[in-house]
Amino acid sequence: MVHTSNFVKVKCPDCQNEQVAFKRPATPVTCHVCGSTLIKPKGGNGTVKGQLLEVVD
Ligand SMILES: [Zn+2]
């Protein structure tokens, strides 16, 4: 079984909330605090709208 977890920690540009999100989402990832879109789905890796802080394995 191949382990392919691709998670990133992103910072919300609107409220500075930091959260871990899936890097290749099927639906937009929104901020848990203010609802701002953090990652938009785009085929493979999503487009990160917030600030990418680190990649979490
Ligand atoms: Zn936010």
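In the block above lies the structure referred to throughout.
On a predicted model such as this, the values are computed, not experimentally measured, just so you know.

How do you make sense of the sheet that holds strand β2 (residues 18-22) when you look at a structure like this?
As a general point, the strands of a sheet are linked pairwise by backbone hydrogen bonds and lie either parallel or antiparallel. Within the open sheet, the 3 strands sit side by side as β2-β1-β6. Their pairing is antiparallel. The strands lining the two open edges of the sheet, one partner per strand, are β2 and β6 (51-56). The average undirected angle you get between the axes of adjacent strands in this sheet is 30°. Where strand β1 (residues 7-11) and β2 come together, 5 bridges link them in antiparallel fashion. Looking at the pairing, Lys9 lines up with Val20 of β2.

Hey, could you run me through the pairing of β1 in this one?
It is a general feature of regular strands that their side chains alternate between the two faces of the sheet. Burial along β1 is one-sided: the face carrying Val8 and Val10 is buried and the face carrying Phe7, Lys9 and Lys11 is not. Of the pairings in the sheet, the one linking β1 to β6 comprises 5 bridges and is antiparallel in character. What sits directly across from Phe7, in β6, is Val56.

Got a minute to help me understand the packing of aromatic side chains in this structure?
For the coordinates displayed, the defined rule picks out 1 aromatic pair. Both rings, one in Phe7 and one in Phe22, keep their centres 5.4 Å apart while their planes meet at 55°; by these two values the pair is tilted. Placement of the pair is Phe7 in strand β1 and Phe22 in strand β2, with a sequence separation of 15 residues.

Explain the side chain of Asn17 to me, please; I cannot follow it from the model alone.
As for its placement among the helices and strands, Asn17 is situated in the loop between β1 and β2. Classification of Asn17 as buried rests on a relative accessible area of 18%.

Got a minute to help me understand the coordination of the zinc ion in this structure?
As a benchmark, a tetrahedral metal site with four donors has ideal angles of 109.5 degrees, while an octahedral site with six donors has ideal angles of 90 or 180 degrees. Bound to the zinc ion are the protein donor atoms Cys12 (SG), Cys15 (SG), Cys31 (SG) and Cys34 (SG), situated 2.3 to 2.4 Å from the metal. Classification of the site at the zinc ion rests on its 4 donor atoms, whose angles at the metal span 103 to 117°, yielding the label tetrahedral. Each donor residue of the zinc ion belongs to the same chain, and together they define the spacing C-x2-C-x15-C-x2-C. Residue Cys12 is found in the loop between β1 and β2, and its partner Cys31 is found in the loop between β3 (29-30) and β4 (37-40); the two are separated by 19 residues along the sequence. What makes Cys12 buried here is its relative accessible area of 1%. A relative accessible area of 4% places Cys31 in the buried class.

Cut-off values and rules
Starting afresh in each chain, residues are numbered from 1 along the sequence in its written order. In view of the model being predicted, local features appear only for residues whose pLDDT reaches at least 70, and side-chain atom pairs are presented and counted only at 80 or more, with totals across whole chains, interfaces and linings using the full set of residues. Calculated side-chain values reflect all of the structure's heavy atoms, with hydrogen atoms and water omitted. Strand pairing follows a simple DSSP-based rule, namely that at least 2 bridges must link the two strands. By definition, any uninterrupted DSSP run of H or I lasting at least four residues is a helix, any uninterrupted run of E lasting at least two residues is a strand, and each is numbered from the N terminus. Only the contacting stretch of a helix is used when fitting its axis, a line to C-alpha atoms as for every element, and angles between N-to-C directions run 0 to 180 degrees. The buried label applies to any residue whose accessible area, calculated with a 1.4 Å probe on protein chains only, is under 20% of its type's maximum; exposed applies above 50%, and partly exposed to all values in between. By convention, a stacked pair of Phe, Tyr or Trp rings (six-membered ring in the case of Trp) has centres within 6.5 Å and planes under 30 degrees apart, an edge-to-face pair has planes over 60 apart, and any other such pair is tilted. With water excluded from the atoms, a metal site may look incomplete; its donors are any N, O or S atoms within 2.8 Å, or within 3.2 Å for Na, K and Ca. Just to be clear on the cut-offs, tetrahedral is four donors with all angles between 85 and 135 degrees, square planar is four donors and octahedral six with opposite donors over 155 degrees apart and all others between 65 and 115, and anything else goes down as irregular.

So, to be careful, I would describe these as geometric facts and stop short of saying anything about function.
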